[in-house]
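Chains, contacts and geometry: an overview
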Amino acid sequence: MKKLIVSLFFLAAVLQIWAQDFRCSISLNSQKISGTNYEKFNALQQELYKFVNDRKWCQYTLKMDERIECSILINLESQSGDVYKGTMQLQLQRPVFKSNYKTSVLNFQDKYIQFNYADGDPLEYAEGSNLSQLTSLIAFYLNLFLAVDFNTFSLNGGAPYFAKCQDILNLNQSAVEPGWKSFETGQSNRYWLMENFTNASYSRFHDFLYQYHRLGLDIMSESPDMGRAAILEALRLLQQVNQQRSALYLMTILVQTKQQEIIEIFREGSPSERQQAIQIMKQIDPSNASKYDAINQQQN
């Protein structure tokens with residue numbers, strides 16, 4: 001009997017490890033909430049951590065070193081009863097092949113977070129249902145992380161997870177909470193993020209993710225010149241999207257995420273590569289045009 005109990009505990013531990021798809025840092029900042037009950041929010045943060053990291057989100061069995069690395073920081077800014085409003089800072093990282101370097105793939109802020117939460121509420125979620133605004137938000141972004149991460153390793157490999165994001169978006173078209181609909185908050189919300197990712201006219205965004213990471217960064221350790229040339233071609237893909245339509249929300253996110261990395265990569269390039277990179281980046285990111293002159297500056 002004792003051996004059976006030990007075996008069951010061991011099996012449960014193994015199943016829990018197999019279930020984990022994310023290595024995700026979760027933080028909840030409630031300092032702006034007057035009279036904050038820190039125990040309540042610490043408990044919610046712990047529940048969110050388990051909701052993200054202990055749940056099975058991916059259809060594949062990921063190895064330990066294949067888990068998706070990301071972070072979610074929820075900043076609560078106001079409270080009315082059980083209704084909370086704030087922002088969410090989201091970052092997705094990816095290891096670069098044969099190096100100790102991790103590249104940020106996405107790094108942006110969702111400015112329109114709103115959800116109901118009473119002390120002790122369970123974090124319930126089921127695909128195809130909108131049981132909780134908080135869990136719907138988290139599930140939307142976890143599926144986005146999966147979609148984008150898979151796209152960096154395989155051309156359009158994230159398609160099933162973009163479909164899940166779209167399903168969550170569709171379920172929230174009648175939600176009172178902001179950020180899900182086309183007519184809200186300009187064109188910098190979840191609706192327009194998905195529109196940019198799923199609009200066939202902007203399919204080069206997906207090509208960019210694969211070209212930049214798999215064909216570019218992943219070979220930099222073995223062939224820096226070939227990797228840099230591939231990354232330059234990836235930037236041209238963004239340039240082509242920008243020529244179709246400028247100032248897309250997804251374009252803003254990608255260039256803000258990659259800005260400093262691009263500068264560092266092309267500082268090591270030939271004069272021709274440096275000038276081409278500067279020209280492209282100034283065109284697709286005009287509000288930060290002067291920053292790209294740093295590509296021509298010698299490193300100390």
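Throughout what follows, the structure given in this document is the object of discussion. What you see is a predicted model; the values in this text were computed from it and never measured.

Looking at the nonpolar core
Ranked by size, the top nonpolar core spans 87 residues in total, and within it F22, I72, I138 and L144 carry the most contacts. Sorting elements by how many residues they give to this core places helix 3 (residues 133–153) first, with 13 residues. Leave out the neighbours within four places in its chain, and L144 touches L106, F108, F162, C165, L193 and F197.

As for the pattern of salt bridges
Throughout the structure, instances matching the rule amount to 16 salt bridges. A salt bridge links D21 to K56, with the shortest nitrogen-to-oxygen separation between them at 2.9 Å. Of this pair, D21 sits in the loop between helix 1 (2–19) and strand 1 (22–29) while K56 sits in the loop between helix 2 (38–53) and strand 2 (68–80), and the two are 35 residues apart along the sequence. E69 is paired through a salt bridge with K102; the nearest N and O atoms lie 2.9 Å apart. Highlighted residues: E69 in strand 2 and K102 in strand 4 (residues 102–116), separated in sequence by 33 residues. Given a relative accessible area of 12%, E69 falls into the buried group. Note on K102: relative accessible area 40%, which makes it partly exposed.

Details of the packing of aromatic side chains
A complete count under the given rule lists 14 aromatic pairs for this structure. Judged by centre distance (6.4 Å) and plane angle (70°), the rings of Y202 and F205 are edge-to-face. Accessibility classification places Y202 together with F205 in one group, the buried group. When the centroid spacing of 5.3 Å and the interplanar angle of 45° are considered together, the rings of F208 and Y212 count as tilted. Taken together, the residues span about one helical turn, with F208 and Y212 both in helix 6 (residues 204–213) at a distance of four residues. Like F208, the residue Y212 is buried in the burial classification.

Analysis parameters
- Residues numbered from 1 in each chain as written.
- Predicted model: local features only at pLDDT ≥ 70, side-chain atom pairs only at ≥ 80, totals over all residues.
- Heavy atoms only, no water.
- Core = buried A, V, L, I, M, F, W, Y, C linked by side-chain atoms within 4.5 Å.
- Buried < 20%, exposed > 50% of the residue type's maximum accessible area, 1.4 Å probe, protein only.
- Helix = DSSP H or I, 4+ residues; strand = E, 2+ residues; numbered from the N terminus.
- Contact = heavy atoms within 4.5 Å.
- Salt bridge = Lys/Arg side-chain N within 4 Å of Asp/Glu carboxyl O.
- Phe/Tyr/Trp six-rings, centres within 6.5 Å; stacked < 30°, edge-to-face > 60°.

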